[in-house]
Amino acid sequence: MTAQNTLRECSSVIPVISQDYPKVQKVKKIALFLPIGYRGGSLRGAKNIAKMLFLGSKACDHSLEVVFSFCEGAYPSVEVFSDLLELGISIRETKWTKIAKRDFPFMGNSSPSKSLEEAKEYSLPTDGIANFSDCDFWLLISDRLDPPLAPLVPYGIVVYDYIQRYVPELFSKLEKGYLTTARNASFVITTTPQTQNDTIQYAGIDPRKVTMIPMDFCPPLLPSTSVRPHHRPYFLWVTNTSPHKNHLRSLQALEIFYKQYDGVLDVVMVGIFLDLFQNPTDKNPYPYTREISKYIEQSPVLKEKCQIKGEVTDQTYANLLAHAEFLWHPTLVDNGTFAVVEAAYLGVASVSSDYPAMRYMNERFDLDLLFFDAFDSQDIARKLASMSKEAKTRRAALPSPHHLDQFTAERSAQDFWTTIRERIYAI
Amino acid sequence: MQSKIGIFLGHAPGHLKGNEGIVKLFLSLLNSKQFQNIVIAVPNWSFKEIHLLLKEKVNVNPENIEILSTGSRIHYSFFIWNQCKKLLKKLSTRRSTAKKSYGKYLDSICKVFLKLSSRYFLFFILLLPILISTILFYFIWNFSEKLLFFLKKKYGSRIKDKIKKIPRSLLQPLAKIKNNFFVRRFYSEVKEREFKRLVKLINRRKDIKVWYIPAACWPEISKIKAKKIIAIPDVVFVEFPFLFSGVINEFNYQKIKSTLRIDAQFICFSEHVKKHHLTKLIEPPREKVTIVRHGYTDLSFHLKQVKENPTDAALQIMDSFQKTQLHNHPYLKGFYLPSMRFIFYSSQVRPHKNFLNLVKAYEVLLRKRFVNIKLVITGNPAHQTELNNYIHSRRLQYDILSLYDVADEVLAALNHLAICAVNPTLFEGGFPFTFSEAYSVGTPSVMSRIPVVLEESEDESLNSIMLFDPYSVDDMVNKIEWGVKNRDDLYQLQRGLYEKFAVRNWDIVAKEYVDLFEHAEAPVVV
């Protein structure tokens, strides 16, 4: 069976949802947008998608060109994208500008259909060349665009989470632009069932337009040393300064762990901007981080036991993770963290908050996580104490690196491209 | 032949609505076979409303119903009131449409000007001032928009939002004026005069032996000479005095107390209200309170009228509702409704309806238990500041959706599409309508453990599953979660309860009313 036949067959299976754009005949060039200067796991995830598009299409004998767009000034150098460049994926620095709705008629023949949800203003990616009009299809990584993406070219979107639905403190205003961006997309891709449900229940998108792709995984670096990188035994807390990381309750739980359960392990905190947790003075610009800093400052046990390492290199991270007793993930809710899979890859067990995305990851990667209620400091402390005792025995139940290798982007690439391709041609 | 029955409806202007509890009950009676030879007395401001209501909601031959009114001309103050409301509503919702229309108008003026003035100088002279003033106005309009845009950029969105809200904020004082003491006094004066005229008309009708008054808020009916039967759904103030503070509630309470002093026969819908509200308040105490329980409400025919398959019918109704009523809704206009999973509470927002606890319970369900559903209500949260503030401060306005003042078929569709109906009320005068409304279209309910519910539902094993303590958010969360996750089981378990109600259709209820009317004692001459 030829590739075209397969395509036709797929197109007939998937319902035609949107007649809003000119029909996509053949995709030769896809632009992949990362509209926010994400770092860490989110950046890795976006690059993985670019790789999967490129490698997957290649494996299916499609000569697909992939252009990776990143925000102007967000990264210190293009070295960050060297892995993409090596593969043959081109990169473009992009400035996001706003255009008014009335300017649409001057923007070519691809003005959006009336059936799309309208906004007064739109976000337009500008690259100083042709504003990505040379690409047949756009794929937006995350919906974080306000005003919404200008629907000038058919586009799909990868949505990681609707965290604002669960942690209202995160956003100061309603995110209408995000929802419109998702609603005007030809299709929406999610990586967990929870986000898939949110896309339908919160963003209000027709479920036929929503696809869940299997979660892929990028193995961490292997440790470069057999010497423990911290002077005392510890467990690792991968976090950042966002309130959904549940710092206050976690710190309370740590106090209980040390005082009531006689916890002995240090906790090593890694993640971006964590230096803000070490500044309880008024010079700390954010009330939230100031409050957390003060909490740590006022607690002798936390001051002694909490070791804030901040943002570390991938190698240091691998070393810290590999030598940790276990990994602790007390976040309230998100789309799941790869840190627990990375830990398992390096033979380290994890204790985690109980929320749908982590349940899904636990099942998919066979992680044998120990769960706690993230809203209950007592329960968190209790599980920390249990894990302190069980960590070593739990290691035996962890999946092997060989088992986890099957989920890498390289292995998932072909399936990913097939899913995307079917969706694109279903437009 | 059955003698004529008079029904008195003294609702305030704009309040005679089919979704209001008392009116719903009255319509159910009217639609029964038993209610024949009906005369409905309404004040002049309700003349059009009652005709509309009967046309839309009553299936019986309209010739069987006579409307008794002082005429259709309404008081000038109501006329001014209505016009102000209409104008401000237009201003607040149609700004952009108005601007577009004005643009088109300007375009046409230009065309006419160019066509005529190019031929005749006289037209140039005559039309020039019109053209200039039209253009000037358009420029000022545009300039003000640009200025707003500039202000927004410079000083943030707050200013723009405030200016944008001006027409809307003009509407708010209107709502407040309504509750102003002097306005209410003025309305009382107008009402008193109108009711006097109406009662005169009523007293001329010797062919009507008994008058049924379905609410306790019109003490003016004491002057009706014929037999009077007054329905007292409840005196909720007695049970929750702290929820009903303020001048308005005091005013309403006094009206009910005055009504209870009238020499009449009283009807209520539950033992609880009889025992705890009426016998305490009726002066002098009399054994004239009869309990007539509600019949069951079946909404299924609204769906059957549209399509054979109830889900197809409900989806079609919601599709049409979205296109016609939600096309300006910032969130729902583009929402794919067929996939929406939600729990449903159909009720007006009143202090004792316990919306705030429901909202808190819903928040726990969504954010701590990760039950991926929405909460749809038919009340308007803006009617209760604390509730409204809570929803906004917790950023729940995309998940708690108010579909206010919906038609019956939309109500049926929402009930059918809901996973589970919820009724967290602290008090009801009779067994909550919401149960049979939901069950009749295939949806189970969880509700408050309150006396009127326990009067009807005696099976404790069922009660322990479907009833929650309305004061306990945790209990509410647990019962709703169970209901959502075990919808089909709950539906089966509630069959017996529903069937108990289903036997009691509105013909039976209406017969009890008619029997009561026929055997009512003659009043003491007032």
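In case you missed it, the structure is sitting above this.
Computed from a predicted structure; not experimentally measured.

Caption draft 1: Structural view of the overall build of chain B. Tallying secondary structure elements over chain B gives 23 helices and 13 strands in all. Looking at chain B as a whole, 50% of its 526 residues qualify as buried. Pairs at least 24 apart in sequence give 73% of the contacts found in chain B among residues at least 6 apart. A total accessible area of about 26,500 Å² is found for chain B, and carbon and sulfur atoms account for 58% of it.

Caption draft 2: Structural context of unusual backbone geometry. Residues and elements named next belong to chain A. Between Asp146 and Pro147 the backbone carries a cis peptide bond, its omega angle lying at 5°. You will see that Asp61, though not glycine, has its phi angle at about 60°, which is positive. The residue Asp61 is located in the loop between helix H2 (40–59) and strand E2 (65–71) in this model. Judged by relative accessible area, Asp61 falls into the exposed class, the value being 73%. Phi is positive for Phe273, which is not a glycine, with a value near 65°. Inspection of the secondary structure puts Phe273 in the loop between strand E10 (266–270) and helix H8 (287–298).

Caption draft 3: Highlighting the pattern of salt bridges. Tallied over the full model, the rule gives 50 salt bridges over all chains. For A:Glu65, the salt bridge is made with A:Lys29, and the minimal N-O distance between the two is 3.7 Å. Of the two residues, A:Glu65 sits in strand E2 while A:Lys29 sits in strand E1 (residues 29–34), which places them 36 residues apart along the sequence. With a closest N to O distance of 3.2 Å, B:Asp408 and B:Lys57 form a salt bridge. One end of the pair, B:Asp408, is in helix H16 (residues 408–417); the other, B:Lys57, is in helix H2 (residues 47–57), and 351 residues separate them in sequence. The burial state of B:Asp408 is the same as that of B:Lys57; both residues are buried. The network of salt bridges with shared partners includes A:Lys29, A:Glu65, A:Arg92, A:Asp127 and A:Asp134.

Caption draft 4: Inspection of the interface of chain A and chain B at higher detail. Tallying the contact residues gives 33 residues for chain A and 24 residues for chain B. Taking both sides of the interface into account, the surface hidden between chain A and chain B amounts to around 2,400 Å²; carbon and sulfur atoms contribute 52%. For the chain A face of the interface with chain B, the top three residues by lost area are A:Arg165, A:Leu174 and A:Gln201, together amounting to 26%. At the surface where chain A touches chain B, the tally comes to three salt bridges.

Caption draft 5: Representation of helix H7 (residues 247–259) of chain A in the model. With 13 residues, H7(A) should cover 18 Å at 1.5 Å per step; its first-to-last C-alpha distance of 18 Å lies within 8% of that length. For H7(A), the complete set of buried residues consists of A:His247, A:Ser250, A:Leu251, A:Ala253, A:Leu254, A:Glu255, A:Ile256, A:Phe257 and A:Tyr258.

Caption draft 6: Region of the structure containing the nonpolar core. In this structure, A:Phe235, A:Leu254 and A:Trp328 are the most contacted members of the largest nonpolar core, which totals 116 residues. The leading source of residues in this core is helix H14 (residues 355–367) of chain B, at eight residues. Residues in contact with A:Trp328, not counting those within four places in the same chain, are A:Phe235, A:Leu236, A:Trp237, A:Val238, A:Ser250, A:Leu254, A:Val267, A:Val351, A:Phe372, A:Ile380 and A:Leu384. Of all hydrophobic cores here, the second largest spans 58 residues; its members include A:Phe33, B:Leu403, B:Ala413 and B:Val441.

Caption draft 7: Representation of the packing of H7(A) against H8(A). Residues and elements named next belong to chain A. Where H7 contacts H8, the two axes come as close as 10 Å, and the packing angle between them is 5°. As judged from the angle between their axes, H7 and H8 are roughly parallel. In this structure, H7 contributes His247, Leu248, Leu251, Gln252 and Glu255 to the contact, and H8 contributes Tyr288, Glu291, Ile292, Tyr295 and Ile296. Its residues assigned to classes, the contact of H7 with H8 comprises six nonpolar, two polar and two charged.

Caption draft 8: Structural view of the packing of aromatic side chains. As enumerated under the stated definition, the model contains 39 aromatic pairs over all chains in all. Of the aromatic side chains, those joined through ring pairs into one cluster are B:Tyr296, B:Phe431, B:Phe435, B:Tyr439, B:Tyr491, B:Tyr498 and B:Phe501. The ring of A:Phe365 has A:Arg364 sitting right over it, with the charged end atom 5.5 Å from the ring centre.

Caption draft 9: View of the packing of helix H13 (residues 310–325) of chain B against H16(B). Residues and elements named next belong to chain B. Contact geometry of H13 with H16 gives a least axis separation of 9 Å together with a crossing angle of 125°. Considered as vectors, H13 and H16 are oriented oblique to each other. For H13 against H16, the interelement crossing comes out left-handed. Residues Pro310, Thr311, Ala314, Leu315, Ile317, Met318 and Phe321 of H13 form the contact with H16, whose participating residues are Glu409, Val410, Ala413, Leu414, His416 and Leu417. Of the residues in the contact of H13 with H16, the class split is 10 nonpolar, two polar and one charged.

Caption draft 10: Seen up close, helix H23 (residues 506–519) of chain B. Residues and elements named next belong to chain B. With 14 residues, H23 should cover 20 Å at 1.5 Å per step; its first-to-last C-alpha distance of 20 Å lies within 8% of that length. Every buried residue belonging to H23 is among Trp506, Val509, Ala510, Tyr513, Val514, Leu516 and Phe517, and all of these are buried. In an axial view of H23, the angular spread of the buried residues amounts to 160°, which keeps them on one side of the axis. Sitting at the head of H23, Asn505 places a side-chain oxygen 3.0 Å from the backbone nitrogen of Asp507.

Caption draft 11: Quick peek at the pairing of strand E12 (residues 445–448) of chain B. Residues and elements named next belong to chain B. In this sheet, E12 lies alongside strand E11 (residues 420–423) in parallel orientation, the contact comprising three bridges. When the bridges of E12 are listed, Val422 appears paired with Val446. Regarding topology, helix H17 (residues 433–439) serves as the crossover connection from E11 to the parallel E12, and that connection is right-handed. Pairing between E12 and strand E13 (residues 467–468): two bridges, direction parallel.

Caption draft 12: Broad picture of the environment of B:Arg487. All names here are of chain B. For Arg487, the position within the fold is in helix H21 (residues 487–493). Residues Arg487 and Thr443, 44 residues apart in the sequence, show an inter-C-alpha distance of 7.9 Å. In this structure, Arg487 is in contact with His416, Ala418, Ile419, Gly442, Thr443 and Pro444, ignoring residues within four places of it in sequence. Among the polar contacts listed, one links the side chain of Arg487 to the backbone oxygen of Ile419, at a separation of 2.8 Å.

Caption draft 13: The sheet that holds E1(A), seen in detail. Residue and element names in this part refer to chain A. The mixed open sheet is built from eight strands, whose spatial order is E4-E3-E2-E1-E5-E6-E7-E8. In this open sheet, the two strands that pair with only one neighbour each are strand E4 (121–126) and strand E8 (210–212). When strand polarity is set aside, the average angle formed by the axes of neighbouring strands in this sheet is 25°. The pairing of E1 with strand E5 (residues 137–141) spans four bridges and is parallel. Note that in E5 the partner of Ala31 across the bridge is Trp138. Relative to strand E6 (residues 155–158), helix H5 (residues 176–183) is tilted by about 125°, and along the sheet it contacts E5, E6 and strand E7 (187–190). Here helix H6 (residues 193–201) sits on the sheet in contact with E7 and E8, set at roughly 175° to E8.

Calculation criteria
Residues numbered from 1 in each chain as written. Chains lettered and ligands numbered in written order. Predicted model: local features only at pLDDT ≥ 70, side-chain atom pairs only at ≥ 80, totals over all residues. Heavy atoms only, no water. Helix = DSSP H or I, 4+ residues; strand = E, 2+ residues; numbered from the N terminus. Buried < 20%, exposed > 50% of the residue type's maximum accessible area, 1.4 Å probe, protein only. Contact = heavy atoms within 4.5 Å. Areas by Shrake-Rupley, 256 points an atom, 1.4 Å probe, with all protein chains shown as cover. Salt bridge = Lys/Arg side-chain N within 4 Å of Asp/Glu carboxyl O. Buried area = accessible area lost by both parts, 1.4 Å probe. Expected span 1.5 Å × (residues − 1). Core = buried A, V, L, I, M, F, W, Y, C linked by side-chain atoms within 4.5 Å. Axes fitted to C-alpha atoms, helices over the stretch in contact; angles between N-to-C directions. Parallel < 35°, antiparallel > 145°, perpendicular 65-115°, else oblique. Nonpolar A, V, L, I, M, F, W, Y, C, P; charged D, E, K, R; others polar. Phe/Tyr/Trp six-rings, centres within 6.5 Å; stacked < 30°, edge-to-face > 60°. Lys NZ or Arg CZ within 6 Å of the ring centre and 35° of its normal. Left-handed = near helix turned anticlockwise from the far one by under 90°. Arc of directions from axis to C-beta. Polar contact = N/O pair within 3.5 Å; in protein donor to acceptor, adjacent residues only side chain to side chain. Pairing = 2+ DSSP bridges. Right-handed = clockwise from strand over helix to strand, strands pointing away.

Read these as layout, nothing more, since geometry by itself doesn't imply function.
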